[in-house]
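Single-letter residue listing:
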Amino acid sequence: MTSPVPQETFRTLLRAQKVWDVELPVFDPAHAPAAPLPLFHAWFAEAVDAGQPEPHTMQLATVAEDGGPDVRTVMLHDADELGWHFASHATSTKGRQLAARPEAALHFYWAAQGRQIRVRGRVTTAPHAESLADLHARSTGALAAALVGRQSEVLPSSEELARSSQAAWERAQAEPDADAPTWTLYVLDPLEVEYFQGDARRRHVRLRYRRQAEGEGGWARELLWP
């Protein structure tokens, strides 16, 4: 059982934490590319080189049924000319939210370099064949988890999860091409992408890309106050 922590102890622990206790890279936005995707690819590679744990995880924010915000951590599956890719069950909470209002925001935080990336835009679903191809390219564990399904439903007991998970693992090992009917690959087509480079003196660099209206072409780039 987790022991309770007194409020004052919590505050002391909280205020004792350091921010960016590393040497931060310098980011000159004047040398940034004209479009946001090449910069994402470069920063991702640099995060990997810097030893950032799980740089492919990101926060996904959607609009809940009551109109409020909802957020969770998911895995990035790709980032290409179509947008930023992630996956889930269409029947999950986020799947239902995206079906009702197909727009979302993504957030990456790479503490190893004091960097954040924010992406906002419209979300579309890939054809089921593409969703399955993406799933089958991943691990047996990923397929097993997808085969369990029932994501976000109320779980009656941990024993039921154990039984369903074991059955799914056995099927994933026996049928590596098994279908997961509700598994869906989503693609966020960005309208805005912001790159944030932290600075030890709090003179953070924020570069925002905004997609231009059709006919104007390309992306507008602008600096933001930190």
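Heads up: these notes are all about the structure in this document. Bear in mind the structure is a predicted one, so any value in this text is a computation, not a measurement. (Residues numbered from 1 in each chain as written. Predicted model: local features only at pLDDT ≥ 70, side-chain atom pairs only at ≥ 80, totals over all residues. Heavy atoms only, no water.)

## Details of the pairing of strand β6 (residues 115–125)
Across eight bridges, the pairing between strand β5 (residues 103–110) and β6 is antiparallel. From the neighbouring strand, Ala-105 faces β6, where its bridge partner is Arg-120. Taking the residues between adjacent antiparallel strands as the criterion, β5 and β6 are bridged by four residues, where Gly-114 takes a positive phi near 65°. The pairing of β6 with strand β7 (residues 183–197) spans eleven bridges and is classified as antiparallel. (Pairing = 2+ DSSP bridges. Helix = DSSP H or I, 4+ residues; strand = E, 2+ residues; numbered from the N terminus.)

## Focus on helix α2 (residues 36–49)
Here α2 spans 20 Å end to end across 14 residues, near enough to the 20 Å set by a 1.5 Å rise per residue. Considered for burial, the residues of α2 that qualify are Pro-36, Leu-37, Leu-39, Phe-40, Trp-43 and Ala-47. Buried residues of α2, viewed axially, fall in a sector of 155°; they line one side. Positive phi shows up at Gly-51, right after α2, with a value of about 80°. (Expected span 1.5 Å × (residues − 1). Buried < 20%, exposed > 50% of the residue type's maximum accessible area, 1.4 Å probe, protein only. Arc of directions from axis to C-beta.)

## Let's talk about the pattern of salt bridges
Per the counting criterion, the structure on display carries 15 salt bridges. Where Glu-65 meets Arg-96, a salt bridge forms, and the shortest distance between an N and an O atom there is 4.0 Å. Taken as a pair, Glu-65 in the loop between β1 (57–63) and β2 (69–75) and Arg-96 in helix α3 (residues 93–100) lie far apart in primary sequence, 31 residues in all. Residue class for Glu-65 comes out exposed when judged on its relative accessible area of 57%. Where Arg-150 meets Glu-153, a salt bridge forms, and the shortest distance between an N and an O atom there is 3.0 Å. Under the relative-accessibility criterion, Arg-150 is labelled partly exposed at 46%. (Salt bridge = Lys/Arg side-chain N within 4 Å of Asp/Glu carboxyl O.)

## With respect to helix α4 (residues 128–136)
For α4, every residue scored as buried is listed here: Ser-131, Leu-132, Asp-134 and Leu-135. Seen along its axis, α4 keeps its buried residues to an arc of 160°; they face one direction. At its buried positions, α4 is contacted by β4 (83–89), α5 (140–148) and β7. (Contact = heavy atoms within 4.5 Å.)

## Focus on the side chain of Arg-206
Tracing the sequence through the fold places Arg-206 in strand β8 (residues 205–211). Of the polar contacts made by the side chain of Arg-206, one reaches the side chain of Glu-194; its length is 2.6 Å. Leave out the neighbours within four places in its chain, and Arg-206 touches Arg-118, Glu-194, Tyr-195, Phe-196, Glu-222, Leu-223, Leu-224, Trp-225 and Pro-226. (Polar contact = N/O pair within 3.5 Å; in protein donor to acceptor, adjacent residues only side chain to side chain.)

## Quick notes on the nonpolar core
Counting residues in each nonpolar core, the largest one holds 29 residues, and the members touching the most others are Phe-40, Trp-84, Phe-86, Phe-108, Ile-117, Tyr-195 and Tyr-209. Mapped by element, the contributors of at least two residues to this core are α2, β1, β4, β5, β6, β7 and β8. Ranked by residue count, the leading element in this core is α2, at five residues. Those residues in contact with Phe-40 that sit more than four places away from it in its chain are Leu-76, Ala-79, Trp-84, Phe-108, Trp-110, Ile-117 and Tyr-195. Listed in part, the 15 residues of the second largest apolar core include Leu-132, Ala-142, Ala-178 and Leu-185. (Core = buried A, V, L, I, M, F, W, Y, C linked by side-chain atoms within 4.5 Å.)

## Some words on the environment of Trp-219
Its place among the elements puts Trp-219 in strand β9 (residues 219–224). Spatially, the C-alpha atoms of Trp-219 and Ala-34 are 6.9 Å apart, while their sequence positions differ by 185 residues. With residues up to four places along the chain from it excluded, the contact list for Trp-219 reads Ala-34, Ala-35, Pro-36, Pro-190, Leu-191, Glu-192, Tyr-209, Arg-210, Arg-211 and Gln-212.

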